[in-house]
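# Close look at the chain arrangement
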Amino acid sequence: LRQQQSDQVHIFGVVLDSEVKLVIDEALSIPEQWFTTSDRLAFNQFPPHRRNTRLAGQAAVKQLLHKIYALPPQSTVIKHYPSGAPYAEVGGRCYDISVSHLAGYGAAALSLKPDDRVGIDLVQRRVMDLEGLIDKTLDSVEQGLIRDHKTDFFSLWALKEAALKTWQVGMRVPIWDVHVRTMGRLHQIEADGFTPLCGTTIDLSSQLVLGVTWGAVASAARWVPRGLHMGC
Amino acid sequence: MNSSVNLHDRLQTVFQTVFDDDNLIIFPDMTANDVDGWDSMMHINLIVSCEKEFGVKFALSEIADLQNVGELESLITRKLN
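Here's what I pulled together on the structure shown here. Nothing here was measured: the structure is a model prediction, and the numbers come from that model. (Residues numbered from 1 in each chain as written. Chains lettered and ligands numbered in written order. Predicted model: local features only at pLDDT ≥ 70, side-chain atom pairs only at ≥ 80, totals over all residues. Heavy atoms only, no water.)

This part takes up the overall build of chain B. Within chain B, the regular secondary structure consists of four helices and zero strands. Each helix and strand of chain B, ordered N terminal to C terminal, gives the series α-α-α-α. Here the C-alpha radius of gyration of chain B, 12 Å, is about what a compact globule of 81 residues would show, namely 12 Å. C-alpha extents for chain B along the principal axes are approximately 30 × 30 × 20 Å. A buried classification covers 43% of the 81 residues belonging to chain B. Look at the contacts in chain B between residues 6 or more apart in sequence, and 49% of them connect residues 24 or more apart. (Helix = DSSP H or I, 4+ residues; strand = E, 2+ residues; numbered from the N terminus. Rg over C-alpha atoms; globule rule 2.2 N^0.38 Å. Buried < 20%, exposed > 50% of the residue type's maximum accessible area, 1.4 Å probe, protein only. Contact = heavy atoms within 4.5 Å.)

Right, here's the structure in full:
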């Protein structure tokens, strides 16, 4: 994957409305004024190769909220629920978001459907031995889905990770307990005890794929209403 | 002593293979923050590669509790003993 120049990140933004739309796909220089002094101090705790990646994720959130709601990027603060799921706070209002970042690339997603939560995951298609990972993380149905195209493993992985974010459970549920079933153009993502989700993938480049999943999932922090224009 | 040195060297080879970096040197306090490309997929790939190399199986709770490379090495040592 081509590394971004040191002062640049590449960001993507996705909104879920009547369909999933990629609304941001741009490289930009990191705008210093978007971040507070405490933000910058926090970023400086990361090694250089992680710093730009973290910045890319946050820049994607700020740019997405600016594009959709004209919110000022410098006033958008990314926080986390006790579950670890991120949300953005701007001017006393909270917005449920999903964020993913990878090697100087950042992606953010926002649901415009009040009843649906969205999750995303950015995955790099690597040249690597996939057999062990396929055996460990895919069930027989999923292995059948990728029989002729092993590199589709990365798309399934992106969907599974996105689903874990949508459910707000992170690594507490093993990825091999998440199951992807293909339903035409869309996928259904399931796990015992969780609301089934819809999912799709977006090929951002030959090496980058974005998994997007969504469904009627209650917010982990019930004191924060889901959807749009909410008080914190 | 020899067996622990051997285990350390074998674990280092696993890391070098997984992350495709012959110069990667592991140390007890090493975490994902120290290695370029160590994300969730590579983490599972690392676990799968360790299971294969050392002939052990890890439970999810064991994987989730690992804080650094030193703890991974200790876990492998316990399983082999």
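Another aspect to go through is the packing of helix α5 (residues 153-166) of chain A against helix α2 (residues 40-54) of chain B. Close contact between α5(A) and α2(B) brings their axes to 11 Å; oriented N to C, the two are set at 110°. Between α5(A) and α2(B), the angle is such that the two are roughly perpendicular. Mapping the contact onto sequence places Phe153(A), Phe154(A), Trp157(A) and Glu161(A) in α5(A) and Ser40(B), Met41(B) and Ile44(B) in α2(B). Split into classes, the residues belonging to the contact of α5(A) with α2(B) amount to five nonpolar, one polar and one charged. (Axes fitted to C-alpha atoms, helices over the stretch in contact; angles between N-to-C directions. Parallel < 35°, antiparallel > 145°, perpendicular 65-115°, else oblique. Nonpolar A, V, L, I, M, F, W, Y, C, P; charged D, E, K, R; others polar.)

Interfaces are often sized by the amount of accessible area the parts lose when they come together. Between chain A and chain B, the residue contacts involve 21 residues of the former and 18 residues of the latter. The junction of chain A with chain B conceals about 1600 Å² of combined surface from both sides, 62% of it contributed by carbon and sulfur atoms. For the interface between chain A and chain B, the tally reads two salt bridges. Across the contact surface, chain A and chain B share four residue pairs in polar contact (both at pLDDT 80 or more). When its residues are assigned to classes, the side of chain A that touches chain B shows 11 nonpolar, four polar and six charged. (Buried area = accessible area lost by both parts, 1.4 Å probe. Salt bridge = Lys/Arg side-chain N within 4 Å of Asp/Glu carboxyl O. Polar contact = N/O pair within 3.5 Å; in protein donor to acceptor, adjacent residues only side chain to side chain.)

To continue, consider unusual backbone geometry. At Ala70(A), a residue that is not glycine, the phi angle is positive and equals roughly 55°. Looking at the element boundaries, Ala70(A) is found in the loop between α2 (48-69) and β3 (77-80). Using a relative accessible area of 58% as the deciding quantity, one classes Ala70(A) as exposed. Not every positive phi belongs to a glycine, and Asp20(B) is a case in point at roughly 50°. Within the secondary structure, Asp20(B) is located in the loop between α1 (2-18) and α2.

With that settled, the discussion passes to the nonpolar core. Membership of the largest hydrophobic core comes to 28 residues, with the highest contact counts inside it found for Phe153(A), Trp157(A), Trp167(A) and Ile189(A). Secondary-structure elements contributing two or more residues to this core are α3 (131-137) and α5 of chain A together with α2 of chain B. Of the residues forming this core, the biggest block, eight residues, is contributed by α5(A). Leaving out residues up to four positions away in the same chain, Phe153(A) has contacts with Leu130(A), Leu133(A), Ile134(A), Thr137(A), Leu138(A), Ile146(A) and Met41(B). (Core = buried A, V, L, I, M, F, W, Y, C linked by side-chain atoms within 4.5 Å.)

Another aspect to go through is the side chain of His43(B). Residue and element names in this part refer to chain B. Relative to the helices and strands, His43 is located in helix α2. Here Trp38 takes part through its side chain, which lies 3.2 Å from a polar atom of the side chain of His43. Leave out the neighbours within four places in its chain, and His43 touches Trp38 and Ile63.

As a further point, take the environment of Val14(A). Residues and elements named next belong to chain A. Along the chain, the position of Val14 falls in strand β1 (residues 8-16). A relative accessible area of 2% places Val14 in the buried class. Separated by 104 residues in sequence, Val14 and Val118 have C-alpha atoms that sit 9.6 Å apart. When neighbours within four sequence positions are excluded, Val14 is seen to be in contact with Val20, Lys21, Leu22, Val23, Leu64, Ala108, Ala109, Leu110, Ile202, Leu210 and Val212.

In short, shape yes, function no, at least from these values alone.
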